[in-house]
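For reference, the chains in residue letters:
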Amino acid sequence: MKFNLLTKYLFVYAAVALLGFLGVTFISYRIDYAKVYNYYTDALYKQALSISSEYADDYFSEEHLRIVETELRTVALLNDTRIMFIDTAGNIILDTAYAQEHNTKDILYTIDGFDYTSLGTKHTQTGDFYGMLDCTCLSVFAPITSSFTMKGYVVVHLDENVITDNVYTTFNTNYITLVMVMLLSHCTLSRFTNRSTALSKRQRNTEKEISPIKLMSKMILMKSDGCPLP
(Lines give C-alpha, C1' and ligand atoms only; values in the text may rest on other atoms or scores of the structure.)
Protein backbone atom coordinates (compact mmCIF):
# COMPACT_ATOMS: atom_id res chain seq x y z
CA MET A 1 0.00 0.00 0.00
CA LYS A 2 2.86 2.32 0.82
CA PHE A 3 4.33 1.71 -2.60
CA ASN A 4 1.03 2.34 -4.39
CA LEU A 5 0.31 5.47 -2.37
CA LEU A 6 3.82 6.81 -2.90
CA THR A 7 3.59 6.11 -6.61
CA LYS A 8 0.35 8.04 -6.89
CA TYR A 9 1.79 11.00 -5.01
CA LEU A 10 4.94 11.02 -7.14
CA PHE A 11 2.84 10.92 -10.29
CA VAL A 12 0.66 13.82 -9.11
CA TYR A 13 3.73 15.77 -8.01
CA ALA A 14 5.45 15.28 -11.37
CA ALA A 15 2.28 16.27 -13.25
CA VAL A 16 1.86 19.44 -11.17
CA ALA A 17 5.54 20.32 -11.65
CA LEU A 18 5.25 19.85 -15.43
CA LEU A 19 2.06 21.90 -15.67
CA GLY A 20 3.61 24.61 -13.50
CA PHE A 21 6.72 24.75 -15.68
CA LEU A 22 4.65 24.98 -18.87
CA GLY A 23 2.42 27.62 -17.31
CA VAL A 24 5.38 29.76 -16.31
CA THR A 25 7.14 29.26 -19.65
CA PHE A 26 4.20 30.18 -21.86
CA ILE A 27 1.44 31.95 -19.93
CA SER A 28 3.58 33.95 -17.48
CA TYR A 29 6.04 34.88 -20.22
CA ARG A 30 3.28 36.25 -22.43
CA ILE A 31 1.86 38.27 -19.55
CA ASP A 32 5.30 39.70 -18.66
CA TYR A 33 6.13 40.38 -22.32
CA ALA A 34 2.83 42.20 -22.89
CA LYS A 35 3.44 44.32 -19.81
CA VAL A 36 6.97 45.33 -20.89
CA TYR A 37 5.86 45.80 -24.51
CA ASN A 38 3.07 48.16 -23.47
CA TYR A 39 5.46 50.05 -21.22
CA TYR A 40 7.92 50.68 -24.06
CA THR A 41 5.10 51.47 -26.48
CA ASP A 42 3.80 54.21 -24.19
CA ALA A 43 7.29 55.51 -23.38
CA LEU A 44 8.39 55.68 -27.03
CA TYR A 45 5.12 57.28 -28.10
CA LYS A 46 5.55 60.00 -25.47
CA GLN A 47 9.14 60.47 -26.65
CA ALA A 48 8.04 60.77 -30.28
CA LEU A 49 5.32 63.27 -29.38
CA SER A 50 7.82 65.26 -27.35
CA ILE A 51 10.22 65.40 -30.28
CA SER A 52 7.39 66.35 -32.61
CA SER A 53 6.21 69.22 -30.43
CA GLU A 54 9.69 70.47 -29.51
CA TYR A 55 11.18 70.53 -32.99
CA ALA A 56 8.04 71.07 -35.08
CA ASP A 57 9.26 74.33 -36.58
CA ASP A 58 12.60 72.82 -37.59
CA TYR A 59 11.59 69.51 -39.14
CA PHE A 60 11.77 70.66 -42.73
CA SER A 61 13.93 73.72 -42.24
CA GLU A 62 17.28 72.85 -43.79
CA GLU A 63 19.24 75.34 -41.72
CA HIS A 64 18.15 73.72 -38.47
CA LEU A 65 17.55 70.10 -39.45
CA ARG A 66 21.16 68.93 -39.08
CA ILE A 67 21.49 70.65 -35.70
CA VAL A 68 18.40 68.77 -34.60
CA GLU A 69 19.94 65.58 -36.00
CA THR A 70 23.01 65.99 -33.77
CA GLU A 71 20.85 66.38 -30.70
CA LEU A 72 18.66 63.42 -31.58
CA ARG A 73 21.67 61.18 -32.22
CA THR A 74 22.58 61.69 -28.58
CA VAL A 75 19.01 60.92 -27.48
CA ALA A 76 18.92 57.77 -29.60
CA LEU A 77 22.27 56.60 -28.25
CA LEU A 78 21.13 57.01 -24.65
CA ASN A 79 17.80 55.22 -25.24
CA ASP A 80 19.05 52.43 -27.54
CA THR A 81 16.66 53.69 -30.20
CA ARG A 82 16.76 54.85 -33.79
CA ILE A 83 14.88 58.02 -34.73
CA MET A 84 13.66 58.96 -38.19
CA PHE A 85 11.81 61.85 -39.76
CA ILE A 86 9.78 60.66 -42.72
CA ASP A 87 7.46 62.64 -44.96
CA THR A 88 4.18 61.40 -46.41
CA ALA A 89 5.89 60.28 -49.63
CA GLY A 90 8.22 57.94 -47.75
CA ASN A 91 11.30 60.16 -48.01
CA ILE A 92 13.63 59.92 -45.02
CA ILE A 93 14.65 63.43 -44.02
CA LEU A 94 16.55 62.46 -40.90
CA ASP A 95 17.91 59.15 -39.61
CA THR A 96 20.06 59.00 -36.48
CA ALA A 97 21.66 55.75 -37.72
CA TYR A 98 22.52 57.08 -41.17
CA ALA A 99 26.31 57.23 -41.43
CA GLN A 100 26.89 58.28 -45.04
CA GLU A 101 27.90 61.78 -46.05
CA HIS A 102 25.08 64.11 -47.08
CA ASN A 103 24.49 67.81 -47.52
CA THR A 104 21.65 69.81 -46.08
CA LYS A 105 19.51 69.64 -49.22
CA ASP A 106 19.57 65.88 -49.70
CA ILE A 107 16.82 63.42 -48.95
CA LEU A 108 18.71 60.58 -47.29
CA TYR A 109 16.76 57.80 -48.97
CA THR A 110 13.23 56.76 -49.87
CA ILE A 111 11.15 53.85 -48.56
CA ASP A 112 9.49 51.99 -51.41
CA GLY A 113 5.87 51.16 -50.80
CA PHE A 114 5.45 53.42 -47.79
CA ASP A 115 1.81 54.29 -47.23
CA TYR A 116 1.09 56.35 -44.16
CA THR A 117 -2.66 55.80 -44.54
CA SER A 118 -2.16 52.08 -43.83
CA LEU A 119 -1.52 52.94 -40.19
CA GLY A 120 -5.11 54.00 -39.67
CA THR A 121 -5.60 54.82 -36.02
CA LYS A 122 -2.59 52.78 -34.90
CA HIS A 123 0.69 54.35 -33.89
CA THR A 124 2.84 51.21 -33.60
CA GLN A 125 4.01 48.32 -35.72
CA THR A 126 6.48 45.47 -35.27
CA GLY A 127 8.84 44.26 -37.97
CA ASP A 128 11.76 45.40 -40.10
CA PHE A 129 10.02 48.65 -41.20
CA TYR A 130 9.62 48.00 -44.92
CA GLY A 131 12.96 46.17 -45.03
CA MET A 132 14.88 49.21 -43.81
CA LEU A 133 16.04 47.61 -40.54
CA ASP A 134 18.27 44.61 -40.05
CA CYS A 135 16.33 43.35 -37.02
CA THR A 136 12.79 43.06 -35.75
CA CYS A 137 11.88 46.31 -34.04
CA LEU A 138 9.02 48.03 -32.32
CA SER A 139 8.31 51.15 -34.38
CA VAL A 140 6.27 53.98 -32.87
CA PHE A 141 4.86 56.87 -34.95
CA ALA A 142 3.97 60.41 -33.95
CA PRO A 143 2.52 62.78 -36.57
CA ILE A 144 4.30 65.88 -37.80
CA THR A 145 1.74 68.59 -38.48
CA SER A 146 2.02 72.20 -39.53
CA SER A 147 -0.96 74.53 -39.92
CA PHE A 148 -3.28 71.54 -39.48
CA THR A 149 -1.58 69.76 -42.40
CA MET A 150 0.09 66.36 -42.12
CA LYS A 151 3.75 66.72 -43.09
CA GLY A 152 5.09 63.37 -42.00
CA TYR A 153 6.01 61.33 -38.96
CA VAL A 154 8.57 61.02 -36.23
CA VAL A 155 9.36 57.32 -36.06
CA VAL A 156 11.19 55.82 -33.09
CA HIS A 157 12.51 52.27 -33.47
CA LEU A 158 13.50 49.96 -30.62
CA ASP A 159 15.14 46.58 -31.14
CA GLU A 160 12.82 43.83 -29.91
CA ASN A 161 15.80 42.19 -28.20
CA VAL A 162 15.85 45.11 -25.77
CA ILE A 163 12.26 44.29 -24.80
CA THR A 164 13.06 40.57 -24.48
CA ASP A 165 16.12 41.25 -22.31
CA ASN A 166 14.05 43.42 -20.00
CA VAL A 167 11.41 40.70 -19.74
CA TYR A 168 14.00 38.13 -18.66
CA THR A 169 15.45 40.40 -15.97
CA THR A 170 12.31 39.75 -13.91
CA PHE A 171 10.78 36.73 -15.63
CA ASN A 172 13.33 34.21 -14.30
CA THR A 173 12.13 34.90 -10.77
CA ASN A 174 8.95 33.05 -11.76
CA TYR A 175 10.98 29.84 -12.05
CA ILE A 176 12.53 30.45 -8.64
CA THR A 177 9.06 30.93 -7.17
CA LEU A 178 7.88 27.73 -8.86
CA VAL A 179 10.79 25.75 -7.41
CA MET A 180 10.08 27.09 -3.92
CA VAL A 181 6.39 26.18 -4.20
CA MET A 182 7.24 22.68 -5.43
CA LEU A 183 9.71 22.15 -2.56
CA LEU A 184 7.08 23.20 -0.03
CA SER A 185 4.56 20.93 -1.72
CA HIS A 186 7.07 18.07 -1.60
CA CYS A 187 7.56 18.56 2.15
CA THR A 188 3.79 18.63 2.71
CA LEU A 189 3.21 15.51 0.60
CA SER A 190 6.05 13.69 2.32
CA ARG A 191 4.60 14.38 5.76
CA PHE A 192 1.14 13.36 4.62
CA THR A 193 2.48 10.16 3.07
CA ASN A 194 4.38 9.22 6.22
CA ARG A 195 1.36 9.90 8.43
CA SER A 196 -0.91 7.89 6.13
CA THR A 197 1.54 4.98 6.14
CA ALA A 198 1.90 5.08 9.91
CA LEU A 199 -1.89 5.19 10.33
CA SER A 200 -2.36 2.21 8.01
CA LYS A 201 0.32 0.23 9.85
CA ARG A 202 -1.26 1.03 13.21
CA GLN A 203 -4.66 -0.05 11.91
CA ARG A 204 -3.25 -3.41 10.74
CA ASN A 205 -1.59 -3.99 14.09
CA THR A 206 -4.85 -3.18 15.87
CA GLU A 207 -6.70 -5.68 13.69
CA LYS A 208 -4.13 -8.37 14.52
CA GLU A 209 -4.56 -7.69 18.23
CA ILE A 210 -8.34 -7.85 18.03
CA SER A 211 -8.47 -11.00 15.91
CA PRO A 212 -7.96 -13.51 18.84
CA ILE A 213 -10.66 -11.74 20.85
CA LYS A 214 -13.04 -11.99 17.91
CA LEU A 215 -12.24 -15.68 17.51
CA MET A 216 -12.89 -16.38 21.21
CA SER A 217 -16.18 -14.49 21.08
CA LYS A 218 -17.22 -16.51 18.05
CA MET A 219 -16.42 -19.76 19.83
CA ILE A 220 -18.47 -18.72 22.87
CA LEU A 221 -21.43 -17.89 20.70
CA MET A 222 -21.19 -21.18 18.86
CA LYS A 223 -21.03 -23.08 22.14
CA SER A 224 -24.08 -21.27 23.49
CA ASP A 225 -25.98 -22.18 20.34
CA GLY A 226 -25.10 -25.85 20.72
CA CYS A 227 -22.88 -25.89 17.70
CA PRO A 228 -19.78 -28.10 17.80
CA LEU A 229 -16.61 -26.16 18.28
CA PRO A 230 -13.94 -26.50 15.62
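Residues numbered from 1 in each chain as written. Predicted model: local features only at pLDDT ≥ 70, side-chain atom pairs only at ≥ 80, totals over all residues. Heavy atoms only, no water.

1. A closer look at the layout of surface pockets
Part 1 of the reasoning: Taken as a whole, the largest pocket holds about 160 Å³ of empty space.
Part 2 of the reasoning: The wall of the largest pocket is formed by D80, T81, R82, A97, L133, D134, C135, C137, H157, L158 and D159.
Part 3 of the reasoning: Of all the elements in the fold, those that place two or more residues in the lining of the largest pocket are β1 (81-87) and β6 (149-159).
Part 4 of the reasoning: Sort the elements by how many residues they give to the lining of the largest pocket and β6 lands first, with three residues.
Part 5 of the reasoning: Split by residue class, the lining of the largest pocket holds five nonpolar, two polar and four charged. (1 Å grid on protein atoms, 1.4 Å probe; cavity = no way out; pocket = protein on both sides within 12 Å on 5 of 7 lines; lining within 4 Å. Points joined across faces, edges and corners; volume = space filled by probe spheres on them. Helix = DSSP H or I, 4+ residues; strand = E, 2+ residues; numbered from the N terminus. Nonpolar A, V, L, I, M, F, W, Y, C, P; charged D, E, K, R; others polar.)

2. Side note on the packing of aromatic side chains
Part 1 of the reasoning: Applying the stated criterion across every chain, the model contains nine aromatic pairs.
Part 2 of the reasoning: When the centroid spacing of 6.0 Å and the interplanar angle of 25° are considered together, the rings of Y33 and Y37 count as stacked. With Y33 and Y37 both in helix α1 (residues 2-54) and four residues apart, the pair spans about one turn of that helix.
Part 3 of the reasoning: The exposure class of Y33 is buried, given its relative accessible area of 18%.
Part 4 of the reasoning: Geometrically, the ring pair formed by F141 and Y153 is edge-to-face, given 5.7 Å between the ring centres and 85° between the ring planes. Taken together, the residues F141 in strand β5 (residues 137-146) and Y153 in strand β6 connect sequence positions 12 residues apart.
Part 5 of the reasoning: An aromatic cluster of three or more residues is present, and its members are F114, F129, Y130, F141 and Y153. (Phe/Tyr/Trp six-rings, centres within 6.5 Å; stacked < 30°, edge-to-face > 60°. Buried < 20%, exposed > 50% of the residue type's maximum accessible area, 1.4 Å probe, protein only.)

3. Concerning the pairing of β5
Part 1 of the reasoning: Burial analysis of β5 places seven of its 10 residues in the buried class, the great majority of the element.
Part 2 of the reasoning: Examined bridge by bridge, strand β4 (residues 124-127) and β5 share four bridges and lie antiparallel to one another. Looking at the pairing, T126 lines up with L138 of β5.
Part 3 of the reasoning: Bridging between β5 and β6 involves 10 bridges; their strand directions are antiparallel. Each residue of the ladder has a partner; that of S139, found in β6, is H157. (Pairing = 2+ DSSP bridges.)

4. Details of the nonpolar core
Part 1 of the reasoning: In this structure, L72, I83, F85, V154, I163 and V167 are the most contacted members of the largest nonpolar core, which totals 28 residues.
Part 2 of the reasoning: Secondary-structure elements contributing two or more residues to this core are α1, α2 (62-79), β1, β2 (91-95), β5, β6, α3 (160-171) and α4 (173-224).
Part 3 of the reasoning: Top element by residues in this core is α1. It accounts for eight residues.
Part 4 of the reasoning: Counting 15 residues, the second largest nonpolar core, distinct from the first, contains I86, I92, F114 and L133. (Core = buried A, V, L, I, M, F, W, Y, C linked by side-chain atoms within 4.5 Å.)

5. Quick word on the sheet that holds β2
Part 1 of the reasoning: If you trace the six strands from one edge of the open sheet to the other, you get β3-β2-β1-β6-β5-β4, paired in antiparallel fashion. In the strand order of this sheet, the two ends are held by β3 (109-110) and β4, each with one partner.
Part 2 of the reasoning: The pairing of β2 with β3 spans two bridges and is classified as antiparallel. When the sheet's bridge partners are listed, N91 is paired in β3 with T110.
Part 3 of the reasoning: Across the sheet, α3 touches β4, β5 and β6, and the angle it forms with β6 is around 50°. (Contact = heavy atoms within 4.5 Å. Axes fitted to C-alpha atoms, helices over the stretch in contact; angles between N-to-C directions.)

6. Looking at α3
Part 1 of the reasoning: With 12 residues, α3 extends 16 Å between its outermost C-alpha atoms, agreeing within 8% with the 16 Å of an ideal straight helix rising 1.5 Å per residue.
Part 2 of the reasoning: Residues I163, T164, V167 and F171 constitute the buried set of α3. Summarising the axial view, the buried residues of α3 lie within an arc of 95°, below the 170-degree limit, and thus occupy one face. Facing away from the buried side of α3 by more than 90 degrees, the exposed set consists of D165 and T169.
Part 3 of the reasoning: For α3, the capping residue at the N-terminal end is D159, with a side-chain oxygen 3.0 Å from the backbone nitrogen of N161. (Expected span 1.5 Å × (residues − 1). Arc of directions from axis to C-beta. Polar contact = N/O pair within 3.5 Å; in protein donor to acceptor, adjacent residues only side chain to side chain.)

7. Brief notes about the pairing of β1
Across a regular strand the side chains alternate sides, sitting on one face of the sheet and then on the other.
Part 1 of the reasoning: Within β1, six of the seven residues are buried, which leaves it mostly tucked inside the rest of the structure.
Part 2 of the reasoning: Strand direction decides the pairing type here: β1 and β2, joined by three bridges, are antiparallel. Paired with M84 across the strands is D95, a residue of β2.

8. Concerning the environment of A43
Part 1 of the reasoning: Assignment of secondary structure puts A43 in helix α1.
Part 2 of the reasoning: A sequence separation of 97 residues divides A43 from V140, and the C-alpha atoms of the two residues are 9.7 Å apart.

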